[in-house]
Amino acid sequence: TFQSAKKALKKLIRRLPDFRPGYSELKRPLMSEREARRTLRTYLSENPGEKGIHLGCGDQRFPRWLNVDIGGRPDVFWSLTKPLVFVPDGTFDFAHSEHFFEHFDRADGLRIAREVFRILRQGGRIRVGVPDLDAIIGIYTEGWNPEHSALCEEFGPSYGGAFKTRGELLDI
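Residues numbered from 1 in each chain as written. Predicted model: local features only at pLDDT ≥ 70, side-chain atom pairs only at ≥ 80, totals over all residues. Heavy atoms only, no water.

S.K.: How would you summarise the nonpolar core if you had to cite specific residues and measurements?
M.R.: Ranked by internal contacts, the top residues of the largest apolar core, which has 24 residues, are Ile-53, Leu-66, Val-76, Leu-84, Phe-86 and Phe-92. Breaking this core down by element, the ones donating at least two residues are helix 2 (33-46), strand 1 (52-55), strand 2 (66-69), strand 3 (76-77), strand 4 (92-98) and helix 3 (106-119). If we skip the residues at most four places from it in the chain, Phe-86 touches Glu-33, Ala-36, Arg-37, Leu-40, Leu-66, Val-76 and Trp-78. (Core = buried A, V, L, I, M, F, W, Y, C linked by side-chain atoms within 4.5 Å. Buried < 20%, exposed > 50% of the residue type's maximum accessible area, 1.4 Å probe, protein only. Helix = DSSP H or I, 4+ residues; strand = E, 2+ residues; numbered from the N terminus. Contact = heavy atoms within 4.5 Å.)

S.K.: Residue-level account of unusual backbone geometry, with values.
M.R.: With phi around 65 degrees, Arg-64 is a residue other than glycine that occupies positive phi space. If you trace the backbone, Arg-64 turns up in the loop between strand 1 and strand 2. Arg-64 gets classed as exposed once you look at its relative accessible area, which sits at 65%. At His-99, a position not held by glycine, the phi torsion is positive, near 55 degrees.

S.K.: An account of the confidence of the model for the protein chain is needed here, citing residue identities and associated values.
M.R.: Of the residues in the protein chain, 66% reach a pLDDT of 70 or more, and the chain-wide mean stands at 79. pLDDT under 50 marks residues 16-23. Its contacts with residues more than four places away, or in other chains, come to 24 contacts. (pLDDT = per-residue confidence, 0-100.)

Below, the structure is given as structure tokens:
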């Protein structure tokens, strides 16, 4: 029945590991504002010239950029749902995020975007990459293929091996 399936799903979700798929299992508490400010000062002093910030970097660190995320291997462990209070206005020339904004609702996404524009210098640039919804829908409607199996193997352990249908892949 629907109720028993719903109950089983809730039970499964409670057993899922507490980390995002694709991230290393490196666990560390978020930094305090003071620690983040110190890391930023070090970054700025060691990187002359144009400055870049990589938001939601996970394990994909950019050399000579300040990499920020809640997990993986960032320079600054910081929840991007909080203001970047450790960064003064106009600090960066570039901001980059990829497969990051789609994890937030519209209100949080707009707040994060405003914060990014605050920390960019006048004339600074931002690059945002999000998944191609048409491609994802195509994967779902075209049926199962070897790519799905590879995704299940890659992300399945992070979700407790939950992938059994292509519909479950729509969230990744």
